[in-house]
Amino acid sequence: MAVETIKWINNAARIIDQTKLPNKFEYIYCRDVKTMWHAIKRLSVRGAPAIGVAAAFGVLLGIQSFKGKNKAAFLKFFQKTCDYLASSRPTAVNLFNALHVMRLVIADNPDEDVDTLKKLLLKRAMELFHEDKKTCRKMGEHGAGLIKNGMQCLTVCNAGALATVDFGTALGVFYSAKKMGKKFKVYSCETRPLLQGSRLTCWELLRQKIDTTLICDNMAASLMSRAKVDIVFAGADRIASNGDTANKIGTYMLAVLAKHHGIPFYIVAPRSTFDFNIKTGKQIPIEERDSDEVKCFAGISTAPKGIKVYNPAFDVTPASLITGIVTECGIIRPPYVKSISALKLYA
Ligand code: MRU
């Protein structure tokens, strides 16, 4: 059965509550922008492409509550709604790119009235939703060519159907390879502290009957040293113009290990995850999350009270460690400054 991470139904955004997986499969119906903001913040909906669509749907939820025909008041309300959604999480650029796309609808239609603008915004948000489905399948096809029979693949966090509308980026590569009849196995890093790897990736891959083995994050070096990893696929939250890539904390560590062991390391991400406005990964804002995520496990304290905690949700993998980036336009390779500037022009 397909995973429908996010869907617009009867003027509400229906999302799978990913904080409950794998133990419970529950939907949340977001009927106002505040509910969506909190769902993004606490990771009920997460993963860069899914956050982008969630933000676009969040705009729809916000403007739904605007009553009346006063255009100046509507525009002010619209901008406030976008700014509010932009404050939910800082790293995944898909969120900001989606809000930018929604803002362009307003900028490109200066003569339209409030009702028409509402309709145009709905249309654009639905386009983003459908584009994600298509884009992920294209990335899957391009990336699947990298998987040879018998390969052992490693992934981190969840860059799957749950991180997009319904298919995935890094995991989409596995789904496409499986469809092509390839035989391979996947190791999933559990991904401390919130366990997106064990809770979400393992759940997804098992549903798709992909041979999957869970490891703790600190087992990756041992696994690689025993020649049990042939290739690494990870997603991305923001890619700078030089190829530096922010993804879930621990990704950089895997890239360093992969380099040491001579293992190819691929990022799988759509154009909407590129930040063409920044030159390097140093400019990527890294979210720091609540210390309880590290100090507690399932509500039980695992560290002494008063301990200081460092809890960045993402790290930046330097472009020099990345073998290639699988996009919907094909696989781009170093030198990234050149290949990414060509990607920017790709329409
Ligand atoms: O904090 P999360 O769960 O939103 O982090 C998600 C990731 O880091 C994913 O790997 C990334 O968004 C790519 S998803 C296709």
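From a predicted model like this one, the values you see are computed outputs, not experimental measurements.

Rules used throughout
Position labels on residues start from 1 in each chain and follow its written sequence. Reporting in this predicted model follows two pLDDT cut-offs: at least 70 for local features of residues, and 80 or more for side-chain atom pairs to be given and counted; totals over whole chains, interfaces and linings ignore these cut-offs and use all residues. Values shown for side chains rest on all heavy atoms present in the structure; no hydrogens or waters enter the calculation. Numbering of helices and strands starts at the N terminus; helices are DSSP runs of H or I of at least 4 residues and strands are runs of E of at least 2. Expected helix span is taken as 1.5 Å per residue step, with the number of steps being one fewer than the number of residues. Using a 1.4 Å probe on the protein chains alone, a residue whose accessible area is under 20% of its type maximum counts as buried, one over 50% counts as exposed, and one in between counts as partly exposed. In this text, buried Ala, Val, Leu, Ile, Met, Phe, Trp, Tyr and Cys residues form a nonpolar core when linked through side-chain atoms within 4.5 Å. Here, residues are in contact when the closest pair of their heavy atoms is within 4.5 Å. Patch membership is restricted to residues that have no salt bridge and whose relative accessible area is over 30%. Joining uses 9 Å for like charges and 5 Å for the nonpolar side chains Val, Leu, Ile, Met, Phe, Trp and Tyr. All accessibility values rest on the Shrake-Rupley procedure with a 1.4 Å probe; residue burial counts only the protein chains present in the view. Throughout this description, the term salt bridge denotes a Lys or Arg side-chain nitrogen within 4 Å of a carboxyl oxygen of Asp or Glu. Any two strands with at least two DSSP bridges between them are considered paired. Lines fitted to C-alpha atoms define the axes, with helix axes restricted to the stretch in contact, and inter-axis angles between N-to-C directions lie between 0 and 180 degrees. Left-handed describes a crossing whose near helix is turned anticlockwise from the far helix by less than a right angle; the clockwise case is right-handed. Amino acid classes used here: Ala, Val, Leu, Ile, Met, Phe, Trp, Tyr, Cys and Pro are nonpolar; Asp, Glu, Lys and Arg are charged; the rest, including Gly, are polar. Segmentation into domains, and thus their bounds, comes from an automatic or database assignment. Defined in terms of a 1.4 Å probe, buried area is the accessible area two parts forfeit on being brought together, summed over both. Residues adjacent in sequence count toward polar contacts only when both atoms are side-chain atoms; beyond that, a polar contact is any pair of N or O atoms within 3.5 Å, and within protein one must be able to donate a hydrogen and the other to accept it. Think of it this way: one heavy atom of a residue within 4 Å of a molecule or strand is enough to make that residue near it.

Bringing helix α2 (residues 48-64) into the picture now. An α-helical segment advances 3.6 residues per turn. Residues three or four places apart therefore align on the same side. Its 17 residues place the ends of α2 25 Å apart at the C-alpha level, agreeing with the 24 Å of an ideal helix rising 1.5 Å per residue. For α2, a buried count of 16 out of 17 residues is recorded, marking the element as mostly surrounded by other parts of the structure.

The subject of this paragraph is the nonpolar core. Counting residues in hydrophobic clusters, the biggest one holds 43 residues, and the most contacted among them are Met-36, Phe-57 and Leu-121. When residues of this core are traced back to their parent elements, those giving at least two are β1 (6-9), β2 (12-16), β3 (27-30), α1 (33-41), α2, α3 (71-86), α4 (93-108) and α5 (114-144). The greatest single-element share of this core, amounting to twelve residues, is contributed by α2. Beyond its immediate sequence surroundings of up to four residues, Phe-57 is in contact with Ile-6, Lys-7, Trp-8, Ala-13, Met-36, Ala-125, Met-126 and Phe-129.

Another aspect to go through is a nonpolar patch on the surface. On the surface, Phe-25, Tyr-27 and Tyr-29 cluster together into a nonpolar patch covering about 280 Å² of accessible area. Here Phe-25 shows up in the loop between β2 and β3.

Before going further, it helps to examine the sheet that holds strand β6 (residues 212-215). Taken together, the seven strands give an open sheet; going across it, the order is β6-β5-β4-β7-β10-β14-β15, and neighbouring strands pair in mixed fashion. Two strands in the sheet have a free side with no partner beyond their single neighbour: β6 and β15 (330-332). Shown here is a sheet whose adjacent strand axes are inclined to one another by a mean of 25 degrees, direction ignored. With four bridges connecting them, strand β5 (residues 184-189) and β6 associate as parallel partners. Note that in β6 the partner of Val-186 across the bridge is Thr-212. Each of β4 (151-155), β5, β7 (231-234) and β10 (265-268) is contacted by helix α9 (residues 251-261), which is oriented at about 145 degrees to β10, the strand it contacts most. Its contacts with the sheet put helix α11 (residues 336-345) on β14 (324-327) and β15, and the angle it makes with β15 is roughly 145 degrees.

Okay, the packing of α2 against α4 next. Their axes nearest at 7 Å, the elements α2 and α4 cross at an angle of 35 degrees. The way α2 lies across α4 gives a crossing that is right-handed. Every residue of α4 that contacts α2 at Ala-48, Pro-49, Ile-51, Gly-52, Ala-55, Ala-56, Val-59 and Leu-60 is listed here: Asn-94, Leu-95, Ala-98, Leu-99 and Met-102. Here the residues of the contact of α2 with α4 are counted per class, giving eleven nonpolar, two polar and no charged.

Tracing the backbone shows Glu-293 in helix α10 (residues 292-295). In contact with Glu-293, not counting residues within four places along its chain, are Arg-192, Pro-193, Leu-194 and Asn-311.

With that settled, consider the domain arrangement of the protein. Looking at the assigned domains, one finds that the protein contains domain 1 (6-137) and domain 2 (140-344). Summarising the inter-unit geometry, the C-alpha centres of domain 1 and domain 2 are found 25 Å apart. Across the boundary between the two partners, domain 1 contributes 30 residues, which contact 35 residues of domain 2. The contact between domain 1 and domain 2 buries some 2,700 Å² in all, and 54% of this surface belongs to carbon and sulfur atoms. Of all residues in domain 1, Arg-46, Thr-91 and Arg-137 bury the most surface against domain 2, accounting for 25% of the area lost on that side. Taken together, the connections running from domain 1 to domain 2 amount to three salt bridges. Measuring nitrogen to oxygen at the nearest pair gives 2.8 Å for the salt bridge that ties Glu-287 to Arg-89. On the surface where domain 1 and domain 2 come into contact, there are 21 residue pairs in polar contact (both at pLDDT 80 or more). Elements represented by at least two residues in the side of domain 1 that touches domain 2 include exactly α2, α4 and α5. No other element matches α5, which puts six residues into the side of domain 1 that touches domain 2. Considering only residue class, the side of domain 1 that touches domain 2 consists of 16 nonpolar, seven polar and seven charged.

With that settled, consider the site of the ligand. Neighbouring residues of the ligand: 18 residues in total, closest Arg-46, Ala-48, Arg-89, Asn-247 and Lys-248. Gly-47 has a polar backbone atom sitting 3.0 Å from an oxygen atom of the ligand. Between an oxygen atom of the ligand and a main-chain N or O atom of Ala-48, the distance comes to 2.8 Å. Taken by itself the ligand offers 410 Å² of open surface, and the protein chains cover 100% of this. Of all elements in the fold, only α2 and β9 (245-248) reach the threshold of two or more residues within the shell around the ligand. Residue composition of the shell around the ligand, grouped by class: eight nonpolar, six polar and four charged. Taken together, domain 1 (6-137) and domain 2 (140-344) each give at least three residues to the shell around the ligand, which thus spans both.

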